[in-house]
Amino acid sequence: MANVTFRSPSMAKDITLYAVAGDRGTLLALAKAHKIPIPFDCGDGNCGSCVVEVEHLTKNAPYGIALTEKEKEMLRQLGKITAAEIENAETNDMPPRHRLACQCFVRNEDIAVIFPGDEVLP
Ligand code: FES
């Protein structure tokens, strides 16, 4: 089971999606499929425009991830990852607070995905 709640100032209200097995692609793919307006450009981890904050809502520890060098470097360039988060990702496979939506896969856990935006859509 995975409930993914999208939250942004650019949306009038939060939107929670129940991601079934077939939806287990990236956060960006899930968002696009449901017309959630996460900004994006390259779709391949190169531009950083899809950066989101991921909040884990279940009490269990987040699923381990293998943060790629590409994503780590982009998050570093954006100032969205700390040295401690890099260490925790490299040592314990723990995800940092910010991720690139195009590189972050939906897992079997409830999360909130927070992304920027300044325009409230009707
Ligand atoms: Fe470019 Fe995700 S869309 S890094």
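A brief look at the structure comes next.

Each value, and the rule that gives it
Residues numbered from 1 in each chain as written. Predicted model: local features only at pLDDT ≥ 70, side-chain atom pairs only at ≥ 80, totals over all residues. Heavy atoms only, no water. Buried < 20%, exposed > 50% of the residue type's maximum accessible area, 1.4 Å probe, protein only. Helix = DSSP H or I, 4+ residues; strand = E, 2+ residues; numbered from the N terminus. Arc of directions from axis to C-beta. Contact = heavy atoms within 4.5 Å. Pairing = 2+ DSSP bridges.

1. A word on helix H3 (residues 83-92)
Here H3 has its buried residues at Glu85, Ile86 and Ala89. Axial view of H3: buried residues confined to an arc of 105 degrees, hence all on one face. What points out from H3, more than 90 degrees from its buried face, is the exposed set Ala83, Ala84 and Thr91. Against the buried residues of H3 lie helix H2 (69-78). Immediately beyond the C-terminal end of H3, within one or two residues, lies Asp93, with a positive phi of roughly 60 degrees.

2. With respect to the pairing of strand S1 (residues 3-7)
Residues in a regular strand point their side chains to alternate faces of the sheet. In this sheet, strand S2 (residues 15-18) lies alongside S1 in antiparallel orientation, the contact comprising four bridges. Directly across from Asn3, in S2, lies its bridge partner Tyr18.

3. What about unusual backbone geometry?
Positive phi is not limited to glycine here, since Lys35 has a value of about 60 degrees. Inspection of the secondary structure puts Lys35 in the loop between helix H1 (27-33) and strand S3 (51-56). Look at Asp93: it is not a glycine, yet its phi comes out positive at around 60 degrees. Relative to the helices and strands, Asp93 is located in the loop between H3 and strand S4 (98-100).

4. Regarding H2
Three- or four-residue spacings in an α-helix give side chains the same orientation, since the helix completes a turn every 3.6 residues. Among the residues of H2, Glu71, Lys72, Met74 and Leu75 are the ones counted as buried. Projected down its long axis, H2 carries its buried residues within an arc of 165 degrees, all on one side. Exposed residues on H2 whose side chains face more than 90 degrees from its buried face are Glu69 and Gln77. Summarising the contacts, the buried residues of H2 are in contact with S3, H3 and S4. At the exit of H2 stands Gly79, carrying a positive phi of roughly 70 degrees.

5. Considering the environment of Phe115
Its place among the elements puts Phe115 in the segment after strand S5 (111-114). Sequence spacing of Phe115 and Lys59 is 56 residues, and the spatial spacing of their C-alpha atoms is 22 Å.

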